[in-house]
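What follows is each chain in one-letter form.
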Amino acid sequence: MSQDPAAHRWNAVDAYFTELLAPSDDALDEALRASDVAGLPRIAVAPNQGKLLQLLAQIQGARRVLEIGTLGGYSAIWLARALPADGRLVTLEANAAYAEVARANLARAGVAEVVEVRTGTALDSLAALVDEGAEPFDLVFIDADKPNNPHYLEWALRLTRPGSLIIGDNVVREGAVADADTTDPRVRGVRDFLAMTAEHPRLSGTALQTVGSKGYDGFSLARVTS
Ligand code: SAH
Ligand code: DHB
Ligand code: MG
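Keep in mind it's a predicted model, so treat the numbers as computed, not measured. (Residues numbered from 1 in each chain as written. Chains lettered and ligands numbered in written order. Predicted model: local features only at pLDDT ≥ 70, side-chain atom pairs only at ≥ 80, totals over all residues. Heavy atoms only, no water.)

A. Inspection of the overall build of the chain at higher detail. Helix and strand counts for the chain come out as 8 helices and 7 strands. Over its C-alpha trace the chain gives a radius of gyration of 17 Å, about what one expects of a compact globule, namely 17 Å for 226 residues. Here the C-alpha coordinates of the chain stretch approximately 45 × 45 × 30 Å along the principal axes. Counting only residues that meet the buried cut, the chain has 49% of its 226 residues in that class. Considering only intrachain contacts with a sequence separation of at least 6, the fraction spanning at least 24 residues in the chain is 72%. Just so you have it, the chain exposes about 10800 Å², and 54% of that area is on carbon and sulfur atoms. Of the charged side chains in the chain, 21 are positive and 30 negative, and the gap between their average positions amounts to 3 Å. (Helix = DSSP H or I, 4+ residues; strand = E, 2+ residues; numbered from the N terminus. Rg over C-alpha atoms; globule rule 2.2 N^0.38 Å. Buried < 20%, exposed > 50% of the residue type's maximum accessible area, 1.4 Å probe, protein only. Contact = heavy atoms within 4.5 Å. Areas by Shrake-Rupley, 256 points an atom, 1.4 Å probe, with all protein chains shown as cover. Lys, Arg positive; Asp, Glu negative; His and termini not counted. Charge placed at Lys NZ, Arg CZ, Asp CG, Glu CD.)

B. A look at the pattern of salt bridges. Under the counting rule described, the total for this entry stands at 11 salt bridges. For Glu 116, the salt bridge goes to Arg 118, with nearest N and O atoms at 2.7 Å. A relative accessible area of 26% means that Glu 116 is categorised as partly exposed. When the shortest N-O distance is used, the salt bridge between Lys 146 and Asp 143 registers 3.1 Å. (Salt bridge = Lys/Arg side-chain N within 4 Å of Asp/Glu carboxyl O.)

C. Summary view of the site of ligand 1. Around ligand 1, the structure places 20 residues, and the nearest of them are Gly 69, Ser 75, Glu 93, Ala 122 and Asp 143. Given that more than half its atoms are within 2 Å of the pocket grid, ligand 1 belongs to the largest pocket. (Near = heavy atom within 4 Å. 1 Å grid on protein atoms, 1.4 Å probe; cavity = no way out; pocket = protein on both sides within 12 Å on 5 of 7 lines; lining within 4 Å. Sits in = over half its atoms within 2 Å of the grid points.)

D. Summary view of the pairing of strand β5 (residues 160-169). In terms of burial, β5 is a largely internal element, 8 of the 10 residues being buried. Alignment of strand β4 (residues 137-142) against β5, held across 5 bridges, turns out to be parallel. Looking at β5, one finds that Phe 137 is bridged to Thr 160. Between β4 and its parallel partner β5, the chain crosses via helix α7 (residues 149-158), and the hand of that crossover is right-handed. (Pairing = 2+ DSSP bridges. Right-handed = clockwise from strand over helix to strand, strands pointing away.)

E. Inspection of the pairing of strand β7 (residues 215-224) at higher detail. Among the 10 residues in β7, 7 count as buried, and that is most of the element. Bridge analysis of β5 against β7 gives 5 bridges, and the strand direction is antiparallel. Bridging from a neighbouring strand, Ile 166 pairs with Ala 222 of β7. Where strand β6 (residues 203-212) meets β7, 10 bridges bridge the pair, whose relative direction is antiparallel. Bridge pairing in β7 links Leu 208 to Phe 219. What sits between β6 and β7 in their antiparallel hairpin is a turn of 2 residues.

That is the geometry; function is a separate question.
Shown next, in the form of structure tokens:
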């Protein structure tokens, strides 16, 4: 994943942490295997990142979680496992074939009952959720097309409540995020998203760099205030 000379050690430490603290099981293994077989890109969160999402959802006492960007449902399995029996995870995916793979993976993991995979462009699905008067979400995980991150944050603010947590994946991308002059629309999207987080009167946020089996990247956390 990364050309960094330290990548070998990042992988070794991730393997150690994962085996110890975020061990896989048949459902998670099978989700990755079925995703590979179906030709999905290998860009799901790492196991220890999935466990972090699960812990954050539990710390949050989340009953309702929104994910933007399902892929094969790997992060969705981790998040769904944090939910109470009457909880709900709504996860949005533009690619209908990916969404089918995710539904099968979520069913195999035994969480199909609490997860709804919505096929369609996330911006459309988010507008539909607002139109439907969806109950506020306690946690939102933004992990889809990065140029739309500022729009996803706007919608997330409409679909959350004071105390909700908004997580953004892939905010570092090998350090590219620090380049103020970048013309890469993905990096621009992330920078505008972070600037909005900083300036918004109803958000308090931070961002962290990470290294590991997913290379050098990072994530942001923001709490919806009053
Ligand atoms: N959260 C997943 C990884 C998501 S990868 C995990 O960690 O397991 C990003 C996903 O966003 C891809 O599946 C891609 O098809 C989807 N995506 C990209 N643009 C989108 C859009 N406009 N609307 C909805 N989904 C989109
Ligand atoms: C990519 C997207 C992701 O959400 C991720 O976690 C890693 C890589 C990508 O589009 O390359
Ligand atoms: Mg991601």
